[in-house]
Amino acid sequence: DAKTTQPPSMDCAEGRAANLPCNHSTISGNEYVYWYRQIHSQGPQYIIHGLKNNETNEMASLIITEDRKSSTLILPHATLRDTAVYYCIVRVTDSSYKLIFGSGTRLLVRP
Amino acid sequence: GAVVSQHPSWVICKSGTSVKIECRSLDFQATTMFWYRQFPKQSLMLMATSNEGSKATYEQGVEKDKFLINHASLTLSTLTVTSAHPEDSSFYICSARDSGRGAHEQYFGPGTRLTVT
């Protein structure tokens, strides 16, 4: 699976959009991009995934560049409850279904 | 939404004893479950893949005789930490893949905090 690079920490103001970048320059054609988040002392929560098209759901939007070497998770109106560690994971949808977590981005939403 | 539970949520045990942690998928069947370990201020580390009705697959460096995994039903996987030592103190998290849905979503349990004294 391709390696991902994320900034260790970010912050944003409550009510503003939070844009979390992820670099996955070695991604291959059959690898998906997944985003999970982990609020302190809880299990991770699935947010969104995509292959090459931009995706949106009730939680967030995922923007993948045309060359697929990077992506951005967008939380359109961040709230204090969005403070968490956000993990960008690249994975082949093979039979193992394993998720390998990197170090993630610690997002702090400020009041 | 799909729910995964873990029991206990926290446990304290003495060094040398064994501890069993349960992971249950409450409203879906899971042929595959995963066990992770997380030390303070670190990311999740995948320990093993638990497959219903067959032996677990362990990641490199994880001692299979120390971390016993049993996945006897489609809704339950257990992790037993044998002869626990203080260095085994950690946050143990399981996840489950819904066998009846697509391959993308995995659901995580709330975690079990193990402290070995």
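Scroll up to find the structure.
This structure is a prediction, so every number in the text was calculated from the model and none was measured.

A. Focus on the overall build of chain B. If you tally the helices and strands in chain B, you get 0 helices and 11 strands. For chain B, the spread of C-alpha atoms along the three principal axes comes to 40 × 25 × 20 Å. For chain B, with 117 residues in total, the buried portion stands at 49%. Residue pairs in contact within chain B that sit at least 24 positions apart in sequence constitute 54% of those at least 6 positions apart. A total accessible area of about 5600 Å² is found for chain B, and carbon and sulfur atoms account for 52% of it. Measuring between centres, the 11 positive side-chain charges of chain B sit 4 Å from its 10 negative side-chain charges.

B. Quick look at the sheet that holds strand S5 (residues 55-56) of chain A. Residue and element names in this part refer to chain A. Taken together, 4 strands build an open sheet; the order of strands is S2-S7-S6-S5 and the sheet is antiparallel. Edge positions in the sheet fall to strand S2 (18-23) and S5, since each has one partner strand and no second. Looking at chain direction, S2 and strand S7 (residues 70-75) are connected through 6 bridges and run antiparallel. Counterpart to Pro21 in the pairing with S7 is Thr72.

C. Quick look at the interface of chain B and chain A. Every contact between the two is made by 20 residues of chain B and, on the other side, 21 residues of chain A. Contact between chain B and chain A buries roughly 1600 Å² in total, counting both sides, with carbon and sulfur atoms accounting for 56%. Together, His104, Gln106 and Phe108 of chain B form the three largest contributors to the area buried by chain B at its contact with chain A, with a combined 33%. At the junction of chain B and chain A, the tally comes to 1 salt bridge. The tally of links between chain B and chain A comes to 7 residue pairs in polar contact (both at pLDDT 80 or more). Going through the elements one at a time, strand S4 (32-38), strand S5 (45-51), strand S9 (90-97) and strand S10 (106-108) of chain B are the ones with two or more residues in the side of chain B that touches chain A.

D. View of the state of the cysteines. Residues and elements named next belong to chain B. Tallied over the full model, the rule gives 2 disulfides over all chains. The disulfide partner of Cys23 is Cys94, and the gap between their sulfur atoms is 2.0 Å. Across the S-S bond linking Cys23 and Cys94, the dihedral sits near 80°, which makes this disulfide right-handed. Placement of Cys23 in strand S3 (residues 19-25) and of Cys94 in strand S9 is noted, with a sequence separation of 71 residues between them. Summarising the burial analysis for this pair, Cys23 and Cys94 share the class buried. Summary of cysteine pairing: Cys13 is not part of a disulfide, and the nearest cysteine sulfur, belonging to Cys94, is at 18 Å.

Rules used in this analysis
Residues numbered from 1 in each chain as written. Chains lettered and ligands numbered in written order. Predicted model: local features only at pLDDT ≥ 70, side-chain atom pairs only at ≥ 80, totals over all residues. Heavy atoms only, no water. Helix = DSSP H or I, 4+ residues; strand = E, 2+ residues; numbered from the N terminus. Buried < 20%, exposed > 50% of the residue type's maximum accessible area, 1.4 Å probe, protein only. Contact = heavy atoms within 4.5 Å. Areas by Shrake-Rupley, 256 points an atom, 1.4 Å probe, with all protein chains shown as cover. Lys, Arg positive; Asp, Glu negative; His and termini not counted. Charge placed at Lys NZ, Arg CZ, Asp CG, Glu CD. Pairing = 2+ DSSP bridges. Buried area = accessible area lost by both parts, 1.4 Å probe. Salt bridge = Lys/Arg side-chain N within 4 Å of Asp/Glu carboxyl O. Polar contact = N/O pair within 3.5 Å; in protein donor to acceptor, adjacent residues only side chain to side chain. Disulfide = S-S within 2.5 Å.

These results come straight from atomic positions and should not be treated as a statement about function.
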